[in-house]
Structure formats: C-alpha cells, structure tokens
Amino acid sequence: MIKITMLMLLAVTHVFANLDHAPKNFKIESKKFVFVDFVKADYFLTFDVASEKATYKAVITFNQPVAGSPIFDIIEMPSTSKVNGKNDKAIQISSPGDETKYVSLSSTLDSGFHTFEFTGNIKTNTDFTSDSARSGFWMSDLTDRRYLEQYLPTNLEFDQFAMSMDVKVTGTQTPHRIFTNGTLSEKSSNHFHIAYPDYFSSSSVYFHLSEKGRFKIKSFSHKSIDGREIPIVTYSKSSWSLYEIEKNTLKVMKELESKFGPWGHPSLTAYIAGMGGMEHSGATITSRSALGHELTHSYFARGVLPTNGNSGWLDEAVASWRDKGYKASSSPGYSATNLAAFSNYKRTTTTKAYTEGAAFMAYINLKLNGNLEGFLKKMYEDYLHGQWTTEIFLKELNDFSGMDFSNSFNKYVYGSNEKKEHNKHNARKGSPMHPKLTKQQLLDLL
Ligand SMILES: [Zn+2]
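Residues numbered from 1 in each chain as written. Predicted model: local features only at pLDDT ≥ 70, side-chain atom pairs only at ≥ 80, totals over all residues. Heavy atoms only, no water.

The next subject is the pattern of salt bridges. All chains considered together, the criterion is met by 16 salt bridges. A salt bridge links Lys 123 to Glu 76, with the nearest nitrogen and oxygen atoms 3.3 Å apart. Of this pair, Lys 123 sits in the loop between β10 (112-121) and β11 (126-128) while Glu 76 sits in the loop between β5 (69-71) and β6 (80-83); the two residues are 47 residues apart in sequence, bridging distant segments of the chain. Here Lys 395 ties to Asp 399 by a salt bridge, and the two come within 2.8 Å at their closest N and O atoms. Linking Lys 395 with Asp 399, this pair stays in helix α7 (residues 390-401), spanning four residues, or about one helical turn. With respect to burial, Lys 395 and Asp 399 carry one shared label: exposed. (Salt bridge = Lys/Arg side-chain N within 4 Å of Asp/Glu carboxyl O. Helix = DSSP H or I, 4+ residues; strand = E, 2+ residues; numbered from the N terminus. Buried < 20%, exposed > 50% of the residue type's maximum accessible area, 1.4 Å probe, protein only.)

So, in structure tokens, the structure goes:
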C-alpha cells in the first residue's frame, strides 16, 4: 500500500518530461524497444585493491511510457540483470540505421514504474597499484557512447535524473579521496557517499578517485555576481600547471558572469591536465589553454544541456565563438552545411560545430546588432539545468529578435543532404579543444 501511494506520488510529479526529447521507439523484427524515463539511479561501487577489481551494483527506478523492452545503455555488459526482482538477460541492440548501439532486456514490460538491478565490472579508465585504486569517469561528446555508459548502466543524454554513489575502496589501508561535482560525504575512511542533483544527465557527472596526496590542490573561491561565494578546487599532478590558476580561473568566471549571468553550479572543480579538455557540470578536466572554453561549457553544454547529437553543435558553436572573441560577421562564410539534420539516433556532436557552427554564431551576432550575448544570457536564465534543441534555439531566437531565422537555419544548419559524417578522419581529430586521446593517454590522467 505504501508502495502504491509512493508510486502514485512519483507519477504525479514526474510526467515523462524528458521523453519529449527521446528518439522514436522502434521495432526489431516483431520486438518493440522503448525509450524510458529514469527516476533515480543508486550505484554501489567497490574498488578492491587486493583483487584489483572494480565492481558495481546499480538499482534504477524508471518509468516506461508504453509496453515493450526498455532501452538504456552500458558498454560492458552487466554480469547479472534483474527487473522487478526477476532475473533477466541484457541484450545489445542497434538503433535504426545502425547509428548507435543500446542495451535492452530479453523480456517485455508493461507501461509504468519498474526497477532494474544490475551488477558488473568497471574496467575503463580504472587502474590499481599495490596499495591504491584510481578511476576517472572521463567522457567525450565526439565519440559514440562515451558518457557514463562507459562505466555504469545509465540512460541516454535526453534524460535527467537523480543519482547517488556509495563508493568503497577495500583491500588497502591507504586513504583515498574523490574529486566530484556531486555532494560528497566521507562516511568512514575509504567509504564515501555522493549525491548528484536530479537535473544531471549521463554527461554531467564528474568522478575521479585516487589515493590521497597524489595531486597538488589549490582551493579558493569566487564571489558571484549573485552574492554567493562559489568554492573552487583546482588540482593537478604538477604545481607548474597550477601556476596563476586562481587568477586565470577568476578572470574567466568574471567574464562569463558579465556576459551570461551568475555561475549556475554550487561549486567548480577543475583538473588541470592533458591536452584540450572535457566539460562536466560545474567541473572540467582541462589543459591550461582550454580553461576558458571548458568553463564556458558549464554554461552551455552542462548548464543548459543538449539532448542528442543534433543539439550538441549549439554549445560547441557558442564556446568556439566565445574563444574567437565574440565576433560579428556579415556572412557565415560557408555554403549550405549540416550541423543538426542527422539521424535522431545520432549521439555525437559534429566537429563542424567548432568551425562552421562558430561562424554561424558570429553571423547571428551581427544580425542581432552584436547582442547574441543578450540572447544567450536570456536562454541561460530560462533553460539553466534544463535542455535545449536546435528547434528550441531557433524558436526562441525568432521570439527574441522579432526576425525569422528559419531560412538561415535551413541553409546553414540543416542545409545539406549529408546525413552521415563521412570525414571519419576529421571526426577522430576532433577539435583543438577536445582532441581524441588514446587509451594510454586517458589512463595517464588517472
Ligand atoms: Zn567544447
């Protein structure tokens, strides 16, 4: 009875909001596969130094809109899978057009609330020494399936849901620490709890575990224009990387707040390392030179979230336009191209976002008499911790300006029949801000 009341309450407060942005459900032969809405995911992670194994248990409540087999994702197939307490089998499936892969279940479920329970191993970007565990949940938006699904069962980018992690490091006496953008508490030595807010998606989480003392840390704070004192943690393996980091970080935060409004996150965590960087929500792993670009992404990409591969170009275009000095230009300087007319199943951002996308933003800026930042500030205010799509951006831009940008979008954003990115070499190269790192380079960051 209590359970039914709770579920009814959940049903009222959680009405498939994110499913509006999900791709279309599909069939493979006669089996129907359905995108679902995660309500909550609780992860229990154990890093056992003695056996050099990292394992998880995931308990996920979700709401399924119609009968069928639920779609979610995890790269390394789970060791055990249960749904509503019954054993099941996880299966890998391809999206229509073979754009990407997902994971689903052998069984079919009715519409309504259900609970997954999975166990499995975490192998990616996870390493052990004789007395310590190191794990970094690094991500990328330029390669398919490179968000949280590399490590834990999760939903696609369109879904926002609360997550928690109970993290234990066992088989060692060496004390560990976690850098994260969730609310961290240390229950006892090497036993941690992290709560992530319900506006996070699979691309938002920042998680980096290592033994204590491995990194140089510089902590300071930023007085936001809204009066909050924002705590900032920067860390790196070398003190050289942290040279003048406080000055540089505060300079960028002041710039961004003056352009787009108050910092939208409770804190900032920045790991200064590697080449280029990757954005998380109020967190980043970044080289010194990419810091401005990555912090811009805490506004656009991980403040306002993209929903899929057809909306990811927006934040890269905005961040690159900002990097190039907020330019205004009378023409985008390219003929028709495709930034957002790919398959709805595509999950990666086109690398043209950095070049053509940024040039298109400069073009819009001129059309708005140099007030693109005013428009973006309004979008940030209205959509912070929510999601935008290319269609939402266009509609809001038309409303804001009183002009009709449909023709420009048809040409410069939706404007070619190129449905796939043929230039694989270019996609691999990524952008100077987000170069694709090798497996070894990713491990070296741990
Ligand atoms: Zn970027």
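Time to look at the pairing of strand β20 (residues 268-272). Remark: a regular strand shows side chains that alternate across the two faces of the sheet. For β20, the tally of buried residues reaches five of five residues, placing the bulk of the element in the interior. A two-sided burial pattern is seen for β20, the buried positions comprising Leu 268, Ala 270 and Ile 272 on one face and Thr 269 and Tyr 271 on the other. Pairing geometry for strand β19 (residues 229-236) and β20, over four bridges, is parallel. Looking across to β20, one finds that Val 233 is bridged to Thr 269. For the segment spanning β19, helix α2 (residues 245-260) and β20, crossover handedness is left-handed. Where β20 lies against strand β22 (residues 283-286), four bridges are found, and the strand directions are parallel. (Pairing = 2+ DSSP bridges. Right-handed = clockwise from strand over helix to strand, strands pointing away.)

Let's shift gears to the coordination of the zinc ion. Of the protein atoms, only His 293 (NE2), His 297 (NE2), Glu 316 (OE), Glu 316 (OE) and His 434 (NE2) coordinate the zinc ion, at distances of 1.9 to 2.7 Å. Sequence spacing of the donors to the zinc ion: H-x3-H-x18-E-x117-H. In this pair, His 293 is assigned in helix α3 (residues 291-297) and Glu 316 in helix α4 (residues 312-323), connecting sequence segments 23 residues apart. Accessibility classification places His 293 together with Glu 316 in one group, the buried group. (Donors = N, O, S within 2.8 Å, 3.2 Å for Na, K, Ca; no water.)

Of the volumes computed, that of the largest pocket is approximately 540 Å³. Forming the walls of the largest pocket are 28 residues, and the residues nearest its centre are Met 139, Ser 140, Arg 146, Leu 437 and Leu 442. Sorting the residues of the lining of the largest pocket by element identifies β21 (277-280), α9 (424-429) and α10 (439-444) as the ones contributing at least two each. When residues of the lining of the largest pocket are assigned to their parent elements, the largest contribution, three residues, is made by α10. Here the lining of the largest pocket is composed, by residue class, of 14 nonpolar, 10 polar and four charged. Mapped onto the domain boundaries, the lining of the largest pocket takes at least three residues apiece from domain 1 (2-211) and domain 2 (216-299). (1 Å grid on protein atoms, 1.4 Å probe; cavity = no way out; pocket = protein on both sides within 12 Å on 5 of 7 lines; lining within 4 Å. Points joined across faces, edges and corners; volume = space filled by probe spheres on them. Nonpolar A, V, L, I, M, F, W, Y, C, P; charged D, E, K, R; others polar. Domains from an automatic or database assignment.)

Bear in mind that shape data such as this cannot, by itself, settle questions of function.
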